[in-house]
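Examining the three-dimensional arrangement
Residues per chain are reported as follows:
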2 protein chains.
Amino acid sequence: MKPFVSLALALLVVASAPVWAAQDPLPSWNDTAPRKALVAFVERVTKAGSPDFVAAPERIAVFDNDGTLWAEQPVYVQILFVVDRIKALATAHPEWKSKEPFASLLKGDMAEVAASGEAGVAALMAATHSGMTTEEFTRIVTDWLATAKHPTTGKRFTDMVYQPMLEVLAYFRANGFKTFIVSGGGVEFMRPWTERVYGIPPEQVVGTTGGLKFELRAGTPVLLKTPALILNDDKDGKPIGIQRHIGRRPIAAFGNSDGDHQMLQWTMAGGGARFALIVHHDDATREWAYDRTSHVGKLDKAWDEAVAKGWTVVSMKDDWKTIFPK
Amino acid sequence: MKPFVSLALALLVVASAPVWAAQDPLPSWNDTAPRKALVAFVERVTKAGSPDFVAAPERIAVFDNDGTLWAEQPVYVQILFVVDRIKALATAHPEWKSKEPFASLLKGDMAEVAASGEAGVAALMAATHSGMTTEEFTRIVTDWLATAKHPTTGKRFTDMVYQPMLEVLAYFRANGFKTFIVSGGGVEFMRPWTERVYGIPPEQVVGTTGGLKFELRAGTPVLLKTPALILNDDKDGKPIGIQRHIGRRPIAAFGNSDGDHQMLQWTMAGGGARFALIVHHDDATREWAYDRTSHVGKLDKAWDEAVAKGWTVVSMKDDWKTIFPK
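What follows covers the sheet that holds strand β7 (residues 312-315) of chain A. Residues and elements named next belong to chain A. Taken together, seven strands build an open sheet; the order of strands is β4-β3-β2-β1-β5-β6-β7 and the sheet is mixed. Each of the sheet's edge strands pairs with one partner strand only, and the pair in question is β4 (220-231) and β7. The mean inter-strand angle of the sheet, taken between neighbouring strand axes irrespective of direction, is 30°. By the bridge criterion, three bridges tie strand β2 (residues 178-186) to strand β3 (residues 205-217) in an arrangement that is parallel. If you follow Val182 over to β3, its bridge partner there is Val206. Lying over the sheet, helix α10 (residues 187-198) contacts β2, β3 and β4, oriented at roughly 115° with respect to β3.

Written out as structure tokens, the structure reads:
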């Protein structure tokens, strides 16, 4: 058979193959309300001629990271990074033995570290997130993630991403969406691995942002990380981060805590078809169960608004067949 | 003929049609050194198996706007916008008649406005670029651009974009590049029209960035523009803006002035194949001629480095067949 005829036959087979076309894009989702809502929304905005059709460039979907795409218990991954970095840097900083909050952290007294408040946290962040070039920091994060393990599961942190959400990311992208992370986590802490793990390139990651300083070192330009805070990408900082980086309002937003509340409000207040989803951590067996009174990922006011307005709320226990990738 | 057979024949024709494949992507460029350098670079980084091959996600190209993609003489377009806005708002601000630099601006005494210095400019920027929501500002810019005309050519500003650069943008995108604007101009001033005019979506526009404040107005969230300066995206602010927004180093950069110098340095300091291009305004007949001593778009130190390092310098007079779209 001539090559072009076999190509034509192959095309014909594909075009007439409903089984292939109907391959389940969300195999880890039970056939409950959240899955139905996800599929109905995507079909509404992508169907040509539909009154709710949205042109591809406007199909912007934003995803919180901690607690929405990967696990955030018992504490944010980035905090564990800070602890490990302080320990690793301690030999070069003998003065930390008698300087708070470093001394308490090195003794493992996390209650005392917490008592140091915002100033203490800022000192720890400055010591671990500034003073190096952006390329040095990328290497530090990459090396740490390659070896660090979760304190209770023993897994790599990048293996503790949510399989059902990986499927949502791929499903949305297959339907012409551009997917962005909008996270309270540090933008430079996420960008080294989001493309590999989530398929989200660095330029589509919005996060808490520190200062940068341009310098020529023996004629070679570098960007030095400084302790300045340029964006606290949490709560009302999230719609601000969205506007600064994306410049248009998303039509879909995914979160899990009150830190995502304003991002969800901002997304839902636009015209046309909209979608908001909250991941509710209610599965103490397979993951963790926490909401209104949690010290991490507190979900209270955003949950009330989700219920009042009919936003989609996912029960990890009831709506997800699996939590983590196999 | 059955549809799939005609499709196959069509595919065969396309595959064996060198004329079609060789359609000139840069018809407004003379066959001089800059054009040859552009094509050679694109072929080097896109040819599979080439030692300089760059994977598509890393094909990031950044473009200055004023003087690189559109005209910037006799003054930046955004300054003309400020002047028109002050005049339009003056009836609602009777106090401006006796308040500098507003009074001088309203009398047309631009020398006196310039004499008001940075504080004066900041007052004019605050009065015209803050106090409204982001959506209101988008409407103001869009309405202004639809009617405002260039003071000497009488053209719409969006018709004073450079045809050869539109071809470069399309040529790079056709070769898997993501094209970004990195401009000293206001990001919210550019985003309303860059997608239509340049094919560059809002999320790929980096620019000077003002403050934002999230507010609920009768339950509806808005983002209010504030006078704060978050990023002065000029000179060393350009590599900082690139890192904040894109998070990886471009492999190609296009500029026209010393304001682009650090962006060009930062781009060229990475590993692998690199490309830097400077547009030299030397065509007083078809556009403007200015460089080392110009008050707008001064090109001095960046030009010296371009010559010393063999970066591509475009002579608008000699290298471009046409300047503006017909």
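After presenting the structure, the write-up continues.
Counting across every chain of the model gives 38 aromatic pairs over all chains. Taken together, a centroid distance of 4.5 Å and an interplanar angle of 10° make the contact between Trp96 of chain B and Phe102 of chain B stacked. Across the pair, exposure class does not vary: Trp96 of chain B and Phe102 of chain B are buried alike. The ring centre of Trp266 of chain A lies 3.7 Å from the NZ or CZ of Arg249 of chain A, which sits over that ring.

Next up on the list: the relation of the copies chain A and chain B. Think of it as a corkscrew move, a rotation about one axis and a shift along it, taking one chain copy to the other. Overlaying chain A with chain B gives an RMSD of 0.0 Å, the required rotation being 180° about an axis along which the chain moves by 0.0 Å. Interpreted geometrically, this transformation is the action of a two-fold axis. In this assembly, 100% of the residues forming the interface of chain A have copies in chain B that are likewise at the interface, indicating an isologous arrangement.

Once that is clear, we can look at the packing of helix α11 (residues 237-245) of chain B against helix α12 (residues 261-268) of chain B. Residue and element names in this part refer to chain B. The N-to-C vectors of α11 and α12 enclose an angle of 55°; their axes lie 7 Å apart at closest approach. Judged on the interaxial angle alone, α12 and α11 are oblique. Contact residues: Lys238, Pro239, Ile242 and Gln243 in α11; Gln262, Met263 and Trp266 in α12. Taken together, the residues of the contact of α11 with α12 sort by class into four nonpolar, two polar and one charged.

Residues and elements named next belong to chain B. Overall, mixed pairing links the seven strands, which are arranged β4-β3-β2-β1-β5-β6-β7 in an open sheet. Strands with a single pairing partner mark the edges of an open sheet, and in this sheet they are β4 (220-231) and β7 (312-315). With strand direction ignored, the average angle separating the axes of adjacent strands in the sheet is 30°.

Looking now at the interface of chain A and chain B. Every contact between the two is made by 42 residues of chain A and, on the other side, 42 residues of chain B. When chain A packs against chain B, the two sides together hide about 3700 Å² of surface, and 63% of this comes from carbon and sulfur. Where Glu195 of chain A meets Arg248 of chain B, a salt bridge forms, and the shortest distance between an N and an O atom there is 3.0 Å. Taken together, chain A and chain B are joined by 20 residue pairs in polar contact (both at pLDDT 80 or more).

Below, the discussion takes up the environment of Glu100 of chain B. Residue and element names in this part refer to chain B. One can find Glu100 in the loop between α4 (77-89) and α5 (102-107). Residues Glu100 and Leu124 lie 24 residues apart in sequence; the distance between their C-alpha atoms is 9.5 Å. A distance of 2.8 Å separates polar atoms of two side chains, one belonging to Glu100 and the other to Ser104.

Analysis parameters
- Residues numbered from 1 in each chain as written.
- Chains lettered and ligands numbered in written order.
- Predicted model: local features only at pLDDT ≥ 70, side-chain atom pairs only at ≥ 80, totals over all residues.
- Heavy atoms only, no water.
- Pairing = 2+ DSSP bridges.
- Helix = DSSP H or I, 4+ residues; strand = E, 2+ residues; numbered from the N terminus.
- Axes fitted to C-alpha atoms, helices over the stretch in contact; angles between N-to-C directions.
- Contact = heavy atoms within 4.5 Å.
- Phe/Tyr/Trp six-rings, centres within 6.5 Å; stacked < 30°, edge-to-face > 60°.
- Buried < 20%, exposed > 50% of the residue type's maximum accessible area, 1.4 Å probe, protein only.
- Lys NZ or Arg CZ within 6 Å of the ring centre and 35° of its normal.
- Least-squares fit on C-alpha atoms with pLDDT ≥ 70 in both.
- Parallel < 35°, antiparallel > 145°, perpendicular 65-115°, else oblique.
- Nonpolar A, V, L, I, M, F, W, Y, C, P; charged D, E, K, R; others polar.
- Buried area = accessible area lost by both parts, 1.4 Å probe.
- Salt bridge = Lys/Arg side-chain N within 4 Å of Asp/Glu carboxyl O.
- Polar contact = N/O pair within 3.5 Å; in protein donor to acceptor, adjacent residues only side chain to side chain.

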